[in-house]
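Here is what each chain is made of, one letter per residue.
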Amino acid sequence: MNLVKINNYNNKKTTLKNNKFLRLLTTYGTITFIGFNTMFLMCKEEVQAKPLLDRIEEANGKYMTKAKEKITVLLYEKEIKDFCELYSLEFDIMYKEISNRTNNFKDDNFINNNYIEGTIDYNSEHFYPTKEAGLLCFIRSVYKEPEKFNLTKEELNTNEKYQYHGYFEDIVKKYCEVLDYNPVPVLSIAYTECGSDLNSKAFLDKNNPSGTMVNGQLAEFSSVSDGVIYTILNLKYNYHDYDEVDIDTFADKVSYKYCPEGTDNWVNNFTYYANLKEEDLYKNKRYIVDQSKTL
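Below you will find a few notes about this structure. (Residues numbered from 1 in each chain as written. Predicted model: local features only at pLDDT ≥ 70, side-chain atom pairs only at ≥ 80, totals over all residues. Heavy atoms only, no water.)

The next subject is the packing of helix α7 (residues 183-194) against helix α9 (residues 224-238). Contact geometry of α7 with α9 gives a least axis separation of 10 Å together with a crossing angle of 120°. On the basis of their axis angle, the class for α7 and α9 is oblique. Here the hand of the crossing between α7 and α9 comes out right-handed. Contacts from Pro185, Val186 and Ile189 in α7 reach Thr231, Ile232 and Leu235 in α9. Taken together, the residues of the contact of α7 with α9 break down into five nonpolar, one polar and no charged. (Axes fitted to C-alpha atoms, helices over the stretch in contact; angles between N-to-C directions. Helix = DSSP H or I, 4+ residues; strand = E, 2+ residues; numbered from the N terminus. Parallel < 35°, antiparallel > 145°, perpendicular 65-115°, else oblique. Left-handed = near helix turned anticlockwise from the far one by under 90°. Contact = heavy atoms within 4.5 Å. Nonpolar A, V, L, I, M, F, W, Y, C, P; charged D, E, K, R; others polar.)

Put into structure tokens, the structure is as follows:
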């Protein structure tokens with residue numbers, strides 16, 4: 001009995017020890033298993049996460065690129081619309097023409113040189129300083145000679161007159177920024193030719209702020225804005241060195257075309273305005289209503 005009891009006791013003790021060992025083994029085993037499993041899952045998650053992050057980054061990059069491209073196209077659309085209104089041209093026709101010639105604005109010549117095939121200024125092709133300048137000069141080329149683009153004045157003309165209410169000086173600033181040209185000679189020529197109050201026949205009747213003559217007659221422009229753009233392009237591509245020489249040298253060079261007779265007086269007036277401080281040059285702002293004429 002005692003032996004049995006002892007044996008039972010020892011058996012129970014052994015069983016207890018075994019059970020405790022099993023529980024410990026089970027516990028540590030479970031912990032170990034969980035640990036290894038967790039480590040495995042974490043490693044697996046990390047392995048899976050990296051490509052996922054890459055994919056997210058790639059997707060975001062593509063989205064941002066597409067968004068940027070869309071915004072850029074919308075900006076082009078706005079600029080084209082503004083210039084079409086200036087020249088009373090049909091936006092849909094012009095947009096299609098520009099889109100085709102620039103491969104939806106992706107053509108290398110447009111991207112790198114801001115040039116659209118067919119644009120001509122002063123019998124020559126030019127690389128333009130900004131995209132806006134490239135669009136403006138192309139639209140102006142079509143306006144001047146639509147037949148060269150297999151278009152007609154009749155299909156292009158909207159018969160809607162462009163109107164601008166504001167200051168002449170602001171027009172000069174705006175298009176000098178677009179075409180990347182110094183506004184000082186443009187304003188100085190305008191004041192020299194038309195007076196500081198801009199009340200000359202050329203300005204009031206012909207939208208001609210520079211007193212430009214063609215075949216012995218005052219040139220006529222569709223609007224004052226168009227006359228300003230002509231003046232800037234004329235100076236830019238015929239007298240583009242204004243910022244590289246002194247005012248007197250520039251005045252002498254320009255005067256022989258602008259004023260072959262009475263040259264000295266012209267030069268004196270031009271240099272007077274050109275030598276003014278910018279705030280003085282702009283202080284006598286002339287408010288105008290710039291209204292275009294039809295094609």
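Additional details are given in the paragraphs that follow.
What follows is about the nonpolar core. Taken as a class, soluble globular proteins show a tendency for nonpolar side chains to be buried jointly. Core analysis: the biggest nonpolar cluster contains 67 residues, and Ile139, Phe168, Tyr175, Leu179 and Phe270 have the highest contact counts within it. A per-element tally of this core places helix α4 (residues 131-144) first, with eight residues. Those residues in contact with Phe270, other than ones at most four positions away along the chain, are Pro185, Ser188, Ile189, Thr192, Tyr242, Ile247, Phe250 and Ala251. (Core = buried A, V, L, I, M, F, W, Y, C linked by side-chain atoms within 4.5 Å. Buried < 20%, exposed > 50% of the residue type's maximum accessible area, 1.4 Å probe, protein only.)

The terminal C-alpha atoms of helix α6 (residues 168-179), which comprises twelve residues, lie 17 Å apart, in line with the 16 Å expected from a rise of 1.5 Å per residue. Regarding α6, the residues found buried are Phe168, Glu169, Ile171, Val172, Tyr175, Cys176, Val178 and Leu179. Directly beyond the C-terminal end of α6, a positive phi value near 55° is found at Asp180. (Expected span 1.5 Å × (residues − 1).)

A cluster of acidic residues, Asp246, Asp248, Asp252 and Asp264, forms a negative patch on the protein surface. Assignment of secondary structure puts Asp252 in helix α10 (residues 247-258). When its relative accessible area of 38% is taken as the criterion, Asp252 is described as partly exposed. (Patch = residues over 30% accessible without salt bridge, like charges linked within 9 Å, V, L, I, M, F, W, Y side chains within 5 Å. Areas by Shrake-Rupley, 256 points an atom, 1.4 Å probe, with all protein chains shown as cover. Salt bridge = Lys/Arg side-chain N within 4 Å of Asp/Glu carboxyl O. Lys, Arg positive; Asp, Glu negative; His and termini not counted. Charge placed at Lys NZ, Arg CZ, Asp CG, Glu CD.)

This part covers unusual backbone geometry. For residues that are not glycine, phi is negative in most cases, and the peptide bond is trans in most cases. Positive phi, normally seen in glycine, also occurs at Ser88, with a value near 55°. Summarising the element assignment, Ser88 is placed in the loop between α1 (2-86) and α2 (91-101). Not every positive phi belongs to a glycine, and Asn114 is a case in point at roughly 60°. Topologically, Asn114 is positioned in the loop between α3 (108-113) and α4.

Assessed through its relative accessible area of 8%, Asn114 is described here as buried. Within the local environment of Asn114, its side chain forms a polar contact with the backbone oxygen of Pro129, the two atoms lying 3.5 Å apart. Once residues lying within four places of it in the same chain are set aside, the contact partners of Asn114 are Asn109, Tyr128, Pro129, Thr130, Lys131 and Gly134. (Polar contact = N/O pair within 3.5 Å; in protein donor to acceptor, adjacent residues only side chain to side chain.)

Turning our eyes to something else, we now look at the packing of aromatic side chains. This structure, assessed with the given rule, holds 15 aromatic pairs. Seen from their ring centres, Phe221 and Tyr230 are 5.0 Å apart, and the 40° between their planes marks the pair as tilted. Members of the aromatic cluster, joined through ring pairs, are Tyr76, Phe91, Tyr95, Phe105 and Phe110. Between Lys131 and the ring centre of Phe110, over which it is positioned, the NZ or CZ distance is 5.6 Å. (Phe/Tyr/Trp six-rings, centres within 6.5 Å; stacked < 30°, edge-to-face > 60°. Lys NZ or Arg CZ within 6 Å of the ring centre and 35° of its normal.)

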